Amino acid sequence: TTRSRRIAAPLADPLAQEIVNNVGVWVDREVKPVASEFEHADEFPEPLLKGMSNMGLFGIKIPEAYGGLDLSFECYAGVCMELARGWMSVASIIARGNGLSAGRGMTDEQRAVFLPRAARGEFLGAAAMSEPNVGSDLGSIACRARRDGDDWVITGNKYWCTFADGADYIML
């Protein structure tokens, strides 16, 4: 059921507001009661991932043609805020599917293969941003990738990559 929720600012789109409200109800019912348990066990919350997938949250920014919801950034931000209210780690997980930036930089063939899987929460990514001396200041990173025939040559250093052990791909 949908109930009125107090959020930082009301959303202009009624559908987005309803989605955010429903996510908030789900967070109260499913996330908050188990967040501490998963956190202290250092365990990936697979049941919560399934719940987010069932609600279509991994496809909020993915075009409908590829199985996503193609909703506004306003909706995405509201959903992230509700998830973070329950447990920040769950809010981070949602970016793993929507992180493909709706297929920018992909060929049509790649979009057809990867975006439907990402929208279902079956193709999750990680981002390796932090570098020595610049942290996560993306304007100052030194790591580079260049094409060498059919291969890519990557030069530079990264400190760490959150979710690297569970990711299907890593964005540098």
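Please refer to the structure placed before this passage.
Looking at this structure, I do not really get the nonpolar core. What am I missing?
Generally speaking, nonpolar side chains in soluble globular proteins are found buried as a group. Counting 32 residues, the largest nonpolar core has Met 52, Leu 57, Val 79, Leu 83 and Ile 94 as its most contacted members. Taken together, the elements giving at least two residues each to this core come down to helix H1 (14-31), helix H2 (35-41), helix H3 (46-54), helix H4 (73-86) and helix H5 (88-98). Per element, the largest residue contribution to this core is seven residues, and it comes from H1. Setting aside residues up to four positions removed in sequence, Leu 83 forms contacts with Val 23, Trp 26, Val 27, Met 52, Leu 57, Val 90, Ala 91 and Ile 94. With six residues, the next largest nonpolar core counts Ile 62, Leu 115, Phe 123 and Tyr 169 among its residues.

How do you make sense of the packing of H1 against H3 when you look at a structure like this?
Between two packed helices, what matters for the description is the angle formed by their axes and the separation of those axes. Running from N to C, H1 and H3 point in directions that differ by 160°, and their axes come no closer than 12 Å. One finds that H1 runs roughly antiparallel with respect to H3. In the crossing of H1 with H3, the sense of the turn from one axis to the other is right-handed. Together, Trp 26, Glu 30 and Val 31 of H1 and Leu 48, Gly 51 and Met 52 of H3 make up the contact between the two elements. Per-class residue counts for the contact of H1 with H3 are four nonpolar, one polar and one charged.

Rules behind the numbers
Residues numbered from 1 in each chain as written. Predicted model: local features only at pLDDT ≥ 70, side-chain atom pairs only at ≥ 80, totals over all residues. Heavy atoms only, no water. Core = buried A, V, L, I, M, F, W, Y, C linked by side-chain atoms within 4.5 Å. Buried < 20%, exposed > 50% of the residue type's maximum accessible area, 1.4 Å probe, protein only. Helix = DSSP H or I, 4+ residues; strand = E, 2+ residues; numbered from the N terminus. Contact = heavy atoms within 4.5 Å. Axes fitted to C-alpha atoms, helices over the stretch in contact; angles between N-to-C directions. Parallel < 35°, antiparallel > 145°, perpendicular 65-115°, else oblique. Left-handed = near helix turned anticlockwise from the far one by under 90°. Nonpolar A, V, L, I, M, F, W, Y, C, P; charged D, E, K, R; others polar.

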